[in-house]
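Topology and contacts: notes
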Amino acid sequence: MTILKIILIVILAYICFQDIKERQIYWILLPIVAGLCSVLFYKSTLQELFFNAVLLNFSFVLLLILIIFVYSKIKHKSNFFNVIGLGDVLLFFGLALSFSTISFIVIFISALIFSLALHLLLKQKSTFNTIPLAGYMSLFFAITYISFWSGVINGLYTL
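The following refers to the structure shown. Quick caveat, the model's predicted, so the values are computed rather than measured.

Rules of the game
Residues numbered from 1 in each chain as written. Predicted model: local features only at pLDDT ≥ 70, side-chain atom pairs only at ≥ 80, totals over all residues. Heavy atoms only, no water. 1 Å grid on protein atoms, 1.4 Å probe; cavity = no way out; pocket = protein on both sides within 12 Å on 5 of 7 lines; lining within 4 Å. Points joined across faces, edges and corners; volume = space filled by probe spheres on them. Helix = DSSP H or I, 4+ residues; strand = E, 2+ residues; numbered from the N terminus. Nonpolar A, V, L, I, M, F, W, Y, C, P; charged D, E, K, R; others polar. Buried < 20%, exposed > 50% of the residue type's maximum accessible area, 1.4 Å probe, protein only. Lys, Arg positive; Asp, Glu negative; His and termini not counted. Salt bridge = Lys/Arg side-chain N within 4 Å of Asp/Glu carboxyl O. Polar contact = N/O pair within 3.5 Å; in protein donor to acceptor, adjacent residues only side chain to side chain. Contact = heavy atoms within 4.5 Å.

What about the layout of surface pockets?
Taken as a whole, the largest pocket encloses approximately 820 Å³ of empty space. Forming the boundary of the largest pocket are 29 residues, of which Val83, Ile84, Asp88, Ile131 and Leu133 lie nearest the centre. Elements represented by at least two residues in the lining of the largest pocket include exactly helix H3 (47-74), helix H4 (80-83), helix H5 (86-95), helix H6 (101-122) and helix H7 (133-149). With 5 residues, the top contributor of residues to the lining of the largest pocket is H5. Of the residues assigned to the lining of the largest pocket, the class counts are 19 nonpolar, 7 polar and 3 charged.

Right, here's the structure in full:
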(Lines give C-alpha, C1' and ligand atoms only; values in the text may rest on other atoms or scores of the structure.)
Protein backbone atom coordinates (compact mmCIF):
# COMPACT_ATOMS: atom_id res chain seq x y z
CA MET A 1 0.00 0.00 0.00
CA THR A 2 2.84 2.37 0.75
CA ILE A 3 4.09 2.22 -2.82
CA LEU A 4 0.59 3.11 -4.10
CA LYS A 5 0.50 6.10 -1.78
CA ILE A 6 3.91 7.30 -2.95
CA ILE A 7 2.94 6.89 -6.61
CA LEU A 8 -0.31 8.81 -6.02
CA ILE A 9 1.48 11.72 -4.34
CA VAL A 10 4.14 11.85 -7.06
CA ILE A 11 1.51 11.88 -9.82
CA LEU A 12 -0.59 14.55 -8.06
CA ALA A 13 2.55 16.67 -7.62
CA TYR A 14 3.43 16.20 -11.29
CA ILE A 15 -0.08 17.18 -12.37
CA CYS A 16 0.26 20.32 -10.24
CA PHE A 17 3.65 21.20 -11.73
CA GLN A 18 2.59 20.48 -15.30
CA ASP A 19 -0.71 22.39 -15.09
CA ILE A 20 0.88 25.45 -13.51
CA LYS A 21 3.74 25.48 -16.02
CA GLU A 22 1.90 24.60 -19.24
CA ARG A 23 -1.85 24.84 -18.42
CA GLN A 24 -2.32 21.31 -19.68
CA ILE A 25 -1.80 17.86 -18.25
CA TYR A 26 -1.15 14.43 -19.68
CA TRP A 27 -4.51 12.69 -19.86
CA ILE A 28 -2.97 9.29 -19.08
CA LEU A 29 -2.24 10.47 -15.53
CA LEU A 30 -5.93 10.92 -14.75
CA PRO A 31 -7.00 7.25 -15.00
CA ILE A 32 -3.95 6.35 -12.92
CA VAL A 33 -5.01 8.86 -10.23
CA ALA A 34 -8.57 7.52 -10.38
CA GLY A 35 -7.36 3.94 -10.05
CA LEU A 36 -5.03 4.68 -7.15
CA CYS A 37 -7.64 6.76 -5.31
CA SER A 38 -10.26 4.07 -5.76
CA VAL A 39 -7.97 1.26 -4.57
CA LEU A 40 -7.00 3.22 -1.45
CA PHE A 41 -10.64 4.06 -0.70
CA TYR A 42 -11.88 0.53 -1.46
CA LYS A 43 -9.31 -1.00 0.88
CA SER A 44 -10.41 1.39 3.66
CA THR A 45 -14.16 0.80 3.57
CA LEU A 46 -16.85 -1.81 3.05
CA GLN A 47 -17.64 -2.82 -0.52
CA GLU A 48 -21.28 -1.65 -0.32
CA LEU A 49 -20.29 1.70 1.14
CA PHE A 50 -17.64 2.15 -1.52
CA PHE A 51 -20.09 1.72 -4.40
CA ASN A 52 -22.74 3.91 -2.76
CA ALA A 53 -20.22 6.66 -2.08
CA VAL A 54 -18.83 6.53 -5.61
CA LEU A 55 -22.33 6.75 -7.07
CA LEU A 56 -23.17 9.77 -4.91
CA ASN A 57 -19.81 11.40 -5.63
CA PHE A 58 -20.31 11.00 -9.38
CA SER A 59 -23.79 12.49 -9.00
CA PHE A 60 -22.30 15.48 -7.18
CA VAL A 61 -19.67 15.97 -9.90
CA LEU A 62 -22.32 15.65 -12.65
CA LEU A 63 -24.47 18.27 -10.91
CA LEU A 64 -21.49 20.59 -10.63
CA ILE A 65 -20.63 20.12 -14.31
CA LEU A 66 -24.24 20.76 -15.27
CA ILE A 67 -24.17 24.02 -13.30
CA ILE A 68 -20.92 25.03 -15.01
CA PHE A 69 -22.42 24.13 -18.40
CA VAL A 70 -25.51 26.28 -17.79
CA TYR A 71 -23.32 29.10 -16.44
CA SER A 72 -21.11 28.99 -19.55
CA LYS A 73 -24.11 29.18 -21.86
CA ILE A 74 -26.10 31.85 -19.99
CA LYS A 75 -23.48 34.11 -18.42
CA HIS A 76 -20.52 33.78 -20.79
CA LYS A 77 -22.48 32.80 -23.90
CA SER A 78 -19.57 30.60 -24.85
CA ASN A 79 -18.53 27.00 -25.27
CA PHE A 80 -18.34 24.87 -22.13
CA PHE A 81 -14.64 24.13 -22.65
CA ASN A 82 -13.84 27.84 -22.87
CA VAL A 83 -14.92 28.06 -19.22
CA ILE A 84 -13.35 24.87 -17.85
CA GLY A 85 -10.70 22.54 -19.21
CA LEU A 86 -11.21 18.92 -20.13
CA GLY A 87 -8.42 17.96 -17.74
CA ASP A 88 -10.26 19.66 -14.90
CA VAL A 89 -13.46 17.76 -15.66
CA LEU A 90 -11.66 14.43 -15.93
CA LEU A 91 -9.82 15.10 -12.67
CA PHE A 92 -13.17 15.80 -10.97
CA PHE A 93 -14.39 12.35 -12.00
CA GLY A 94 -11.11 10.71 -10.99
CA LEU A 95 -11.23 12.29 -7.56
CA ALA A 96 -14.86 11.19 -7.12
CA LEU A 97 -13.42 7.73 -6.45
CA SER A 98 -11.35 8.93 -3.51
CA PHE A 99 -13.47 9.38 -0.37
CA SER A 100 -16.82 8.81 1.28
CA THR A 101 -19.48 11.25 0.11
CA ILE A 102 -19.46 13.77 2.96
CA SER A 103 -15.66 13.79 3.07
CA PHE A 104 -15.49 14.14 -0.71
CA ILE A 105 -17.89 17.08 -0.84
CA VAL A 106 -16.11 18.90 2.01
CA ILE A 107 -12.65 18.24 0.56
CA PHE A 108 -13.74 19.05 -3.00
CA ILE A 109 -15.28 22.40 -2.02
CA SER A 110 -12.25 23.14 0.17
CA ALA A 111 -10.03 22.37 -2.82
CA LEU A 112 -11.99 24.82 -4.97
CA ILE A 113 -11.66 27.55 -2.32
CA PHE A 114 -7.95 26.74 -1.93
CA SER A 115 -7.53 26.97 -5.71
CA LEU A 116 -9.22 30.36 -5.84
CA ALA A 117 -7.15 31.73 -2.95
CA LEU A 118 -3.90 30.38 -4.36
CA HIS A 119 -4.68 31.77 -7.81
CA LEU A 120 -5.46 35.21 -6.38
CA LEU A 121 -2.12 35.16 -4.54
CA LEU A 122 -0.08 33.98 -7.54
CA LYS A 123 -1.83 35.59 -10.51
CA GLN A 124 0.62 38.51 -10.73
CA LYS A 125 3.46 36.05 -11.35
CA SER A 126 1.61 34.15 -14.06
CA THR A 127 1.72 34.92 -17.76
CA PHE A 128 -1.52 32.96 -18.37
CA ASN A 129 -5.06 34.29 -17.94
CA THR A 130 -6.46 30.89 -17.04
CA ILE A 131 -6.54 29.15 -13.67
CA PRO A 132 -4.64 25.85 -13.38
CA LEU A 133 -7.55 24.29 -11.50
CA ALA A 134 -6.46 20.67 -11.92
CA GLY A 135 -3.00 21.58 -10.68
CA TYR A 136 -4.16 23.47 -7.62
CA MET A 137 -6.72 20.80 -6.76
CA SER A 138 -4.08 18.08 -7.16
CA LEU A 139 -1.86 19.97 -4.74
CA PHE A 140 -4.71 20.25 -2.25
CA PHE A 141 -5.60 16.55 -2.52
CA ALA A 142 -1.92 15.60 -2.12
CA ILE A 143 -1.72 17.73 1.04
CA THR A 144 -4.96 16.15 2.29
CA TYR A 145 -3.70 12.61 1.70
CA ILE A 146 -0.34 13.34 3.34
CA SER A 147 -2.11 14.93 6.32
CA PHE A 148 -4.33 11.87 6.70
CA TRP A 149 -1.52 9.35 6.36
CA SER A 150 0.64 11.25 8.86
CA GLY A 151 -2.18 11.40 11.42
CA VAL A 152 -2.93 15.13 11.25
CA ILE A 153 -6.44 14.40 9.89
CA ASN A 154 -8.51 11.56 11.35
CA GLY A 155 -11.31 9.55 9.76
CA LEU A 156 -11.00 10.76 6.19
CA TYR A 157 -12.73 7.71 4.73
CA THR A 158 -15.42 7.32 7.39
CA LEU A 159 -17.39 10.57 7.30
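We are not done yet, so read on.
Quick word on the side chain of Asp19
As for its position among the elements, Asp19 is in helix H1 (residues 2-22). Although Asp19 lies buried, it forms no salt bridge, and the closest oppositely charged side chain, Arg23, sits 5.7 Å away as judged by the N-O distance. Here the side chain of Asp19 touches Ala134 through a polar contact of 3.3 Å, landing on its backbone nitrogen. The residues touching Asp19, leaving out its near neighbours within four places in the chain, are Gln24, Ile25, Asp88, Pro132, Leu133, Ala134 and Gly135.

As for the environment of Phe92
Tracing the backbone shows Phe92 in helix H5. Judged by its relative accessible area of 2%, Phe92 is buried. With residues up to four places along the chain from it excluded, the contact list for Phe92 reads Val61, Leu64, Ile84, Phe104, Phe108, Leu133 and Met137.

A look at the side chain of Asn57
Along the polypeptide, Asn57 turns up in helix H3. When its relative accessible area of 0% is taken as the criterion, Asn57 is described as buried. Among all residues touching Asn57, those that are not within four sequence positions of it are Ala96, Phe99, Ser100, Thr101 and Phe104.

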